[in-house]
Amino acid sequence: MQLSPTLAWLLDAASDCRGADRLLAELGAHLVADGVPLAAGALTLQVPHPLIAKRTWLWRADSDQVIEALGFAPGGLAPDPPDDAGRRWLRDVARGEVHEDVAGRFDGPLLGWIGPRPFTADEIEQLRQAARFAATPLALLGARATLRATLDAYLGTRSAERVLAAPLSRDLGETIQAALLYADLRNFTSLSETTPPAAVIAALDAWFDRIAGAVHAFGGEVLKFIGDGVLAIFPVVEQSPRRACDAALRAASAAEAGMAYLNKERRAQGLPPLSFGAALHLGEMLWGNIGAANRLDFTAIGPAVNLASRLEGLCKPLGRTVLVSGALAADTEMPLVALGTHVLRGIAAPCEVFALPETQSPIS
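Residues numbered from 1 in each chain as written. Predicted model: local features only at pLDDT ≥ 70, side-chain atom pairs only at ≥ 80, totals over all residues. Heavy atoms only, no water.

## Overview of the overall build of the chain
- The number of helices and strands found in the chain is eleven helices and 13 strands.
- Relative to its length of 364 residues, the chain is extended, with a C-alpha radius of gyration of 26 Å against a globular reference of 21 Å.
- The principal-axis extents of the C-alpha atoms in the chain amount to approximately 80 × 50 × 40 Å.
- A burial count over the chain gives 45% of its 364 residues as buried.
- Taking contacts inside the chain between residues at least 6 apart in sequence as the whole, the part at least 24 apart equals 60%.
- Looking at the chain as shown, the accessible area adds up to about 18,600 Å², and 54% of this sits on carbon and sulfur atoms.
- The chain carries 32 positive and 40 negative side-chain charges, and their two centres are separated by 4 Å. (Helix = DSSP H or I, 4+ residues; strand = E, 2+ residues; numbered from the N terminus. Rg over C-alpha atoms; globule rule 2.2 N^0.38 Å. Buried < 20%, exposed > 50% of the residue type's maximum accessible area, 1.4 Å probe, protein only. Contact = heavy atoms within 4.5 Å. Areas by Shrake-Rupley, 256 points an atom, 1.4 Å probe, with all protein chains shown as cover. Lys, Arg positive; Asp, Glu negative; His and termini not counted. Charge placed at Lys NZ, Arg CZ, Asp CG, Glu CD.)

Dropping the structure here:
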């Protein structure tokens, strides 16, 4: 069987593309080289993601540039865009009729093309054959994207990269330095005992949105949700602990502001406010796999993690929302309030303790 260069490339090499954006651009270039007059192309994929329902890549033949448009899932950060985002964009590039084909199953990836003039019957057949041959490499790319999106959602971006790049072995790990943030809700036990389960879940989700959103906004990563608690890390990069420490402090301040706004909304709805405690510390930890032979967990362990957890336990006795260890305070110039030296349960050496200046009100 004699295949065109485009179909041969789809069969032999397209699966090696780094992502759907490059596959679209290279497919468009191959089609142009095969004589199909193209002005632009679009590729739309369904994606498994908590917020994003669809990703559409848009390619222009004149510049070979690819841009991306996101379609948010119901309940996401923005309203759902129309399903024809790629089609509408193609019509903005050139006048004429958009040609679309589904690659593979009826609900598979959607390929759309537009030319500087209407396509002939032979050119439409070329586009249809290209979509048919593109089904397999797009399915492989989709599987990789699904795996990566799933790991990102459950582990975080950095941890997902580490898991994907290494064998599934529990003796795998590395020592890293990071600013840690450990936080949890106050009075969660009584809340869960006196509140319907659906309302408890809603409260937890709202709390996690504020604390995790603040962590991510300043470059950190949520490593674990532990009941009503959160363990997050701000890894030290380029031998610059100060950058990580400042990011952790800003995230804690942002979380306080976010929770204050949330509690204003809750009071307006006749709901009790939610209070929390958080501790920040700088130290080394083992970052990697632990667990049973056939059931692994990717996490961080070590004395630094233990200290952050114990320090958070002082928030309520000291009447503070955010506490900072002496180790982290020594690597920042941000203003802090010294609270003296305290003994932490299970930690051999006493710990210097500081607080954010704005955390003056007692925790209920």
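## Looking at empty space enclosed by the protein
- Overall, the coordinates contain one cavity of 30 Å³ or more when judged by the stated rule.
- By volume, the largest cavity is sized at about 70 Å³.
- In this structure, the largest cavity is lined by twelve residues; those nearest its centre are Thr44, Gly86, Arg87, Glu100 and Leu110.
- For the lining of the largest cavity, the secondary-structure elements that each account for two or more residues are strand S1 (40-46), helix H3 (85-93) and strand S5 (110-114).
- In terms of residue count, H3 provides more of the lining of the largest cavity than any other element does, four residues in total.
- Looking at side-chain class alone, the lining of the largest cavity contains five nonpolar, three polar and four charged residues. (1 Å grid on protein atoms, 1.4 Å probe; cavity = no way out; pocket = protein on both sides within 12 Å on 5 of 7 lines; lining within 4 Å. Points joined across faces, edges and corners; volume = space filled by probe spheres on them. Nonpolar A, V, L, I, M, F, W, Y, C, P; charged D, E, K, R; others polar.)

## A closer look at the side chain of Glu123
- With respect to the helices and strands, the residue Glu123 is situated in helix H4 (residues 121-155).
- Owing to a relative accessible area of 8%, Glu123 belongs among the buried residues under this scheme.
- Beyond its immediate sequence surroundings of up to four residues, Glu123 is in contact with Gly35, Pro37, Arg117 and Pro118.

## Examining the side chain of Arg186
- Looking at where Arg186 falls in the secondary structure, it is placed in the loop between strand S6 (173-185) and helix H6 (188-194).
- A polar contact of 2.9 Å, which involves the side chain of Arg186, links it to the side chain of Glu312. (Polar contact = N/O pair within 3.5 Å; in protein donor to acceptor, adjacent residues only side chain to side chain.)

## A closer look at the nonpolar core
- Core analysis: the largest hydrophobic core is formed by 42 residues, its most contacted members being Leu181, Leu185, Trp207, Ile211, Phe234, Leu280 and Leu328.
- Of all the secondary structure elements, the ones that give two or more residues to this core are S6, H6, helix H7 (197-217), strand S8 (229-235), helix H8 (241-268), strand S9 (276-292), strand S11 (322-325) and helix H11 (326-329).
- The contacts of Leu181, once residues within four sequence positions are left out, are Ile211, Val230, Leu231, Ala232, Phe234, Ala248, Ala252, Ala279 and Leu280.
- Counting residues in hydrophobic clusters, the runner-up holds 29 residues, among them Leu7, Ala20, Leu31 and Leu111. (Core = buried A, V, L, I, M, F, W, Y, C linked by side-chain atoms within 4.5 Å.)

## Here's the deal with the pattern of salt bridges
- For the structure on display, the rule yields 13 salt bridges.
- Salt-bridge contacts for Glu312 lead to Arg186; the nearest nitrogen and oxygen are separated by 2.9 Å. Here Arg186 lies in the loop between S6 and H6 and Glu312 lies in helix H9 (residues 303-312), a separation of 126 residues in the sequence. Each member of the pair, Glu312 as well as Arg186, carries the same accessibility label: buried.
- Each of the salt bridges in this network shares a partner with another, and the network as a whole consists of Arg148, Asp152 and Glu161. (Salt bridge = Lys/Arg side-chain N within 4 Å of Asp/Glu carboxyl O.)

## What about the packing of aromatic side chains?
- Per the counting criterion, the structure on display carries five aromatic pairs.
- Judged by centre distance (6.4 Å) and plane angle (35°), the rings of Trp207 and Phe208 are tilted.
- Owing to a relative accessible area of 13%, Phe208 belongs among the buried residues under this scheme.
- Their ring planes at 80° and their centres at 5.3 Å tell us that Trp287 and Phe298 sit as a pair that is edge-to-face. Highlighted residues: Trp287 in strand S9 and Phe298 in strand S10 (residues 295-301), separated in sequence by eleven residues. (Phe/Tyr/Trp six-rings, centres within 6.5 Å; stacked < 30°, edge-to-face > 60°.)

## Brief notes about the layout of surface pockets
- Of the voids in this model, the second largest pocket is the one considered here, and its volume is about 520 Å³.
- Lining the second largest pocket are 22 residues, and of these Arg55, Leu141, Arg144, Ala145 and Arg148 sit closest to its centre.
- Going through the elements one at a time, helix H2 (20-33), strand S2 (52-60), strand S3 (66-72) and H4 are the ones with two or more residues in the lining of the second largest pocket.
- A total of seven residues in the lining of the second largest pocket trace back to one element, the largest contributor, which is H4.
- Looking at the lining of the second largest pocket residue by residue, the classes come out as twelve nonpolar, two polar and eight charged.

## Examining the packing of helix H1 (residues 5-12) against H2
- Between H1 and H2, the shortest axis-to-axis distance is 8 Å and the interhelical angle comes to 155°. With respect to H2, the axis of H1 lies roughly antiparallel. For the crossing formed where H1 meets H2, the hand is right-handed. Counted together, Pro5, Thr6, Trp9 and Leu10 of H1 and Leu23, Glu26, Leu27, His30 and Leu31 of H2 form the full contact between these two elements.
- Grouping the constituent residues of the contact of H1 with H2 by class yields six nonpolar, two polar and one charged. (Axes fitted to C-alpha atoms, helices over the stretch in contact; angles between N-to-C directions. Parallel < 35°, antiparallel > 145°, perpendicular 65-115°, else oblique. Left-handed = near helix turned anticlockwise from the far one by under 90°.)

Any functional reading would require information that these geometric values do not contain.
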